[in-house]
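Summary of structural features
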Amino acid sequence: MSRFFIVCLILVSWACTSEDKDTQPLDPTEDDTAQLNAALERYVQGYLAYQRTQVRAGEAVGSCTAGSLSIGLQDSIIQVINYFRRECYLPEVSLNTANQAACQQAALMIGANGGSTRPDPPATWLCYTPAGASIMASGNTLSGREGTEAILSWMLDEGVSNTATPNRRRILYTRAGSFGTGGNAQATTLWTQDSSGNQTNLPPFIAYPPERFFPSPLVPKRWSFSIPGADFGSAVVSMSNRLNGQSIVVQKNILNNQVGDATLTWEVGSLPLPPPAGFIPYTVQIENVLIDGQARRYSYTVQIFNPIR
């Protein structure tokens, strides 16, 4: 219950910054209202309904016992992941229970060694296992986050070492088929190496935040745009507030194509966020994206809405 109140207080504080006229919402059309209500329902039913942060895995660091997560909690983690994938128009992934033991061992190793999530843990680590080390080398690992709250941290992908959004890209990988997960009160881990996913009916691009009404609590400061096989080396990105035409300052990051799909990422400064029940549309334009040697231009709009009613 205490965590719920904390979230509400944060949301209200965002709403209190929306006094400037630039942040006033558009008068929604009937269609906008229907889409916004549908997005709110998806957020409540697909994201908030699965928030579980009290992890009781039965681990014991002293005896190097990894414990295990309940199937219910594992399923909640996958459900939250699939919420983000559906919002980005991607096929859902399934739960891979075969890797749960290795994910648990990785979480145990993190907890036993001061919360370190280094991808190359030495064999001298407390509670070291090769299986746990393999998860740390190739999956998502996060210290200090329990259960489903880790998913949002991965999707936001903050920090100077995550400018290429590697964690988000694994979660939104177009070829992803199934994920395994583990965790305890100290850490959460995610196995993301299955690339047998459905390759039909994929969107023309994967944007985060996506091209639709999207709740403000899930909007990152680091945005991304992915297309399998694309060349973003000469791409130019720009953004504007469609309410007033004001340009948004963005900073393009250095490319890194070693994880997931080819992805362009950029930093966005402080965005005006909408007041309760309001929304603000932000238009993104990306030029000079090379697809099979041909330059392409993309334009889409993210309608950020405040879920507080």
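Bear in mind the structure is a predicted one, so any value in this text is a computation, not a measurement.

What follows covers the overall build of the protein. Assigned secondary structure in the protein consists of seven helices and 13 strands. Across the 309 residues of the protein, 50% fall into the buried class. For the protein, contacts bridging at least 24 residues in sequence account for 68% of all contacts bridging at least 6. When the accessible surface of the protein is summed, it comes to about 13900 Å², and 51% of that surface belongs to carbon and sulfur atoms.

Before going further, it helps to examine unusual backbone geometry. Cis geometry marks the peptide bond from Tyr208 to Pro209, where omega comes out at 0°. Structurally, Pro209 is set in the loop between β5 (206-208) and β6 (213-215). At Asn201, a residue that is not glycine, the phi angle is positive and equals roughly 60°. Inspection of the secondary structure puts Asn201 in the loop between β4 (187-191) and β5. Despite not being glycine, Asp292 shows a phi value in the positive range, around 50°. Take Asp292: it is sitting in the loop between β12 (279-291) and β13 (294-305).

The next subject is the nonpolar core. In this structure, Phe84, Trp223, Phe225, Trp266 and Ile286 are the most contacted members of the largest nonpolar core, which totals 66 residues. Ignoring sequence-local partners within four residues, the contact set of Phe225 consists of Phe205, Ile206, Ala207, Phe232, Ala262, Thr263, Leu264, Trp266, Ile286, Tyr298 and Tyr300. Counting 11 residues, the second largest nonpolar core, distinct from the first, contains Ala102, Ala133, Met136 and Trp191.

A separate point is the packing of helix α4 (residues 100-112) against helix α5 (residues 130-138). Put simply, α4 and α5 touch, their axes get as near as 7 Å, and they point 85° apart. What the angle tells us is that α4 and α5 run roughly perpendicular. Between α4 and α5, the residues in contact are Ala102, Cys103, Gln105, Ala106, Met109 and Ile110 and Ala131, Gly132, Ala133, Ile135 and Met136, respectively. Here the contact of α4 with α5 is composed, by residue class, of nine nonpolar, two polar and no charged.

Another aspect to go through is the pairing of β12. Note: strand β8 (residues 236-241) against β12, six bridges, orientation antiparallel. Its bridge partner lying in β12, Ser240 is registered against Thr283.

This paragraph deals with α5. Considered for burial, the residues of α5 that qualify are Gly132, Ala133, Ile135 and Met136. For α5, the arc enclosing every buried residue in end-on projection is 155°, short of the 170-degree limit, so these residues lie on one face. For α5, the secondary structure elements touched by its buried residues are α4, β2 (140-143) and β4.

This part takes up the packing of aromatic side chains. Per the stated rule, a full pass over the model turns up 13 aromatic pairs. Where Phe84 meets Tyr208, the ring centres are 6.1 Å apart and the plane angle is 65°; that geometry is what we call edge-to-face. Of this pair, Phe84 sits in helix α3 (residues 71-87) while Tyr208 is found in strand β5, placing the two residues 124 residues apart along the sequence. Among the aromatic residues, those joined into a cluster by ring pairs are Tyr43, Tyr47, Tyr83, Phe84, Tyr208 and Phe214.

This next bit is on the state of the cysteines. By the definition in use, this model includes one disulfide. In this model Cys64 forms its disulfide with Cys127; the gap between the sulfur atoms is 2.2 Å. Its S-S torsion of about -85° marks the bond between Cys64 and Cys127 as left-handed, since a negative value means left-handed. Of this pair, Cys64 sits in the loop between α2 (30-47) and α3 while Cys127 is found in the loop between α4 and α5, placing the two residues 63 residues apart along the sequence. Relative accessible area serves as the criterion here: at 38%, Cys64 is assigned to the partly exposed category.

Rules of the game
- Residues numbered from 1 in each chain as written.
- Predicted model: local features only at pLDDT ≥ 70, side-chain atom pairs only at ≥ 80, totals over all residues.
- Heavy atoms only, no water.
- Helix = DSSP H or I, 4+ residues; strand = E, 2+ residues; numbered from the N terminus.
- Buried < 20%, exposed > 50% of the residue type's maximum accessible area, 1.4 Å probe, protein only.
- Contact = heavy atoms within 4.5 Å.
- Areas by Shrake-Rupley, 256 points an atom, 1.4 Å probe, with all protein chains shown as cover.
- Core = buried A, V, L, I, M, F, W, Y, C linked by side-chain atoms within 4.5 Å.
- Axes fitted to C-alpha atoms, helices over the stretch in contact; angles between N-to-C directions.
- Parallel < 35°, antiparallel > 145°, perpendicular 65-115°, else oblique.
- Nonpolar A, V, L, I, M, F, W, Y, C, P; charged D, E, K, R; others polar.
- Pairing = 2+ DSSP bridges.
- Arc of directions from axis to C-beta.
- Phe/Tyr/Trp six-rings, centres within 6.5 Å; stacked < 30°, edge-to-face > 60°.
- Disulfide = S-S within 2.5 Å.

Remember that the coordinates give geometry; whether it matters functionally is a separate question.
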